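Secondary and tertiary structure notes
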Amino acid sequence: MVETQVLLEISPKLPEKEFLSLEDFLSHPPERMEWVDGKLVEKTGMTSKHGAAQAKLARYWGNYMSSNAAGGEVYTETLCRTRKQARRPDVAYITPEVLQELGSNFTVFPQSFPLIAEIASPDDSAEELFAKAKEYLEAGCLEVWLLFPEAQLIMIYTKQSWLLFTADEVVNTQTILQGFNVAVSELLA
């Protein structure tokens, strides 16, 4: 019997640094990584429910944008800067006005996207998600959706308020993509 040794490289090794500057990170951002407080943080813990909610929401926002001639663009896990960090929101929408101003050819979007959704994974804490939503708003985002697939809840955070939508309700945009709505149970099924 011949034994074969197979080595799998799961992710490229990054230079060992205790503190990585934001500029260093942004010059060559690794896939699936965020820059948080000087450290690389890999986005992990996603489940099939997380992935399904992400795909549905991106499709629904995109379909609504197209069918209503709203313009703009929908992205998934695209790197953006906040005032403090470099983040990869699960789903994001850029209005046509912002696209015209900042362009669509970027590796890192230079600010928060106008509309962002983050989908809770089992290893996410509510406190971390709420802090991330606040961070997005402080960096120019107008509306943040926090989706909790296991609990069948969606929270929307704007500068004016927090709104909570349960499984038997219809969630709708507040400031961006005006008129978009979907049943929570349909989106998080």
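Structure shown above.
Residues numbered from 1 in each chain as written. Predicted model: local features only at pLDDT ≥ 70, side-chain atom pairs only at ≥ 80, totals over all residues. Heavy atoms only, no water.

Under the definition given, this model contains nine aromatic pairs. Seen from their ring centres, Phe130 and Trp162 are 5.2 Å apart, and the 75° between their planes marks the pair as edge-to-face. Highlighted residues: Phe130 in helix H4 (residues 126–138) and Trp162 in strand E10 (residues 162–165), separated in sequence by 32 residues. A network of ring pairs unites the aromatic residues Trp61, Tyr64, Trp145 and Phe180 as a single cluster. (Phe/Tyr/Trp six-rings, centres within 6.5 Å; stacked < 30°, edge-to-face > 60°. Helix = DSSP H or I, 4+ residues; strand = E, 2+ residues; numbered from the N terminus.)

Another point: the side chain of His50. Note that His50 resides in helix H2 (residues 48–67). Exposure remark for His50: the relative accessible area of 2% places this residue in the buried category. The contacts of His50, once residues within four sequence positions are left out, are Asp90, Ile119, Ala120 and Ser121. (Buried < 20%, exposed > 50% of the residue type's maximum accessible area, 1.4 Å probe, protein only. Contact = heavy atoms within 4.5 Å.)

Attention now moves to H2. Spanning 20 residues, H2 covers 28 Å between terminal C-alpha atoms, matching the ideal 28 Å at 1.5 Å per step. Residues His50, Ala53, Gln54, Lys56, Leu57, Ala58, Tyr60, Trp61, Gly62, Tyr64 and Met65 constitute the buried set of H2. Contact partners of the buried residues in H2: strand E3 (73–76), strand E6 (91–94), strand E7 (115–119), strand E8 (143–148), strand E12 (181–183) and helix H5 (184–187). Note on H2: the residue one or two positions beyond its end, Ala69, has a positive phi of about 50°. (Expected span 1.5 Å × (residues − 1).)

Relative to strand E2 (residues 39–42), strand E1 (residues 33–36) runs antiparallel, the two being bridged by four bridges. What sits directly across from Glu34, in E2, is Val41. Following E1, the chain reverses through two residues before pairing antiparallel with E2; Asp37 in that reversal takes a positive phi of roughly 55°. (Pairing = 2+ DSSP bridges.)

Taken in spatial order, the six strands make up an open sheet running E3-E6-E7-E8-E9-E10, and their pairing is mixed. Two strands in the sheet have a free side with no partner beyond their single neighbour: E3 and E10. Taking the axes of each pair of neighbouring strands and ignoring which way they run, one obtains an average angle of 15° across the sheet. Pairing analysis gives five bridges linking E8 to strand E9 (residues 153–157), with the strands arranged antiparallel. Paired with Trp145 across the bridge in E9 is Ile156. Contacting E7, E8, E9 and E10, H4 crosses the sheet at an angle of about 160° to E8. (Axes fitted to C-alpha atoms, helices over the stretch in contact; angles between N-to-C directions.)

On to the environment of Ala139. Relative to the elements of secondary structure, Ala139 occurs in the loop between H4 and E8. Measuring from C-alpha to C-alpha, the distance between Ala139 and Phe113 comes to 8.7 Å, with 26 residues separating the pair along the chain. The residues touching Ala139, leaving out its near neighbours within four places in the chain, are Arg81, Thr82, Arg83, Gln111 and Ser112.

Now for the nonpolar core. Within the largest apolar cluster, 26 residues are counted, with the highest numbers of intra-cluster contacts made by Trp61, Trp145, Leu147, Ile154, Leu177 and Leu187. Broken down by secondary-structure element, the contributors of at least two residues to this core are H2, E6, E7, E8, E9 and H5. Examining the composition of this core, we find that seven residues originate from one element, H2, more than from any other. With residues up to four places along the chain from it excluded, the contact list for Ile154 reads Trp145, Leu146, Leu147, Leu163, Leu164, Phe165, Val171, Val184, Leu187 and Leu188. Within the second largest apolar cluster, 21 residues are counted, among which are Val98, Phe113, Leu129 and Tyr157. (Core = buried A, V, L, I, M, F, W, Y, C linked by side-chain atoms within 4.5 Å.)

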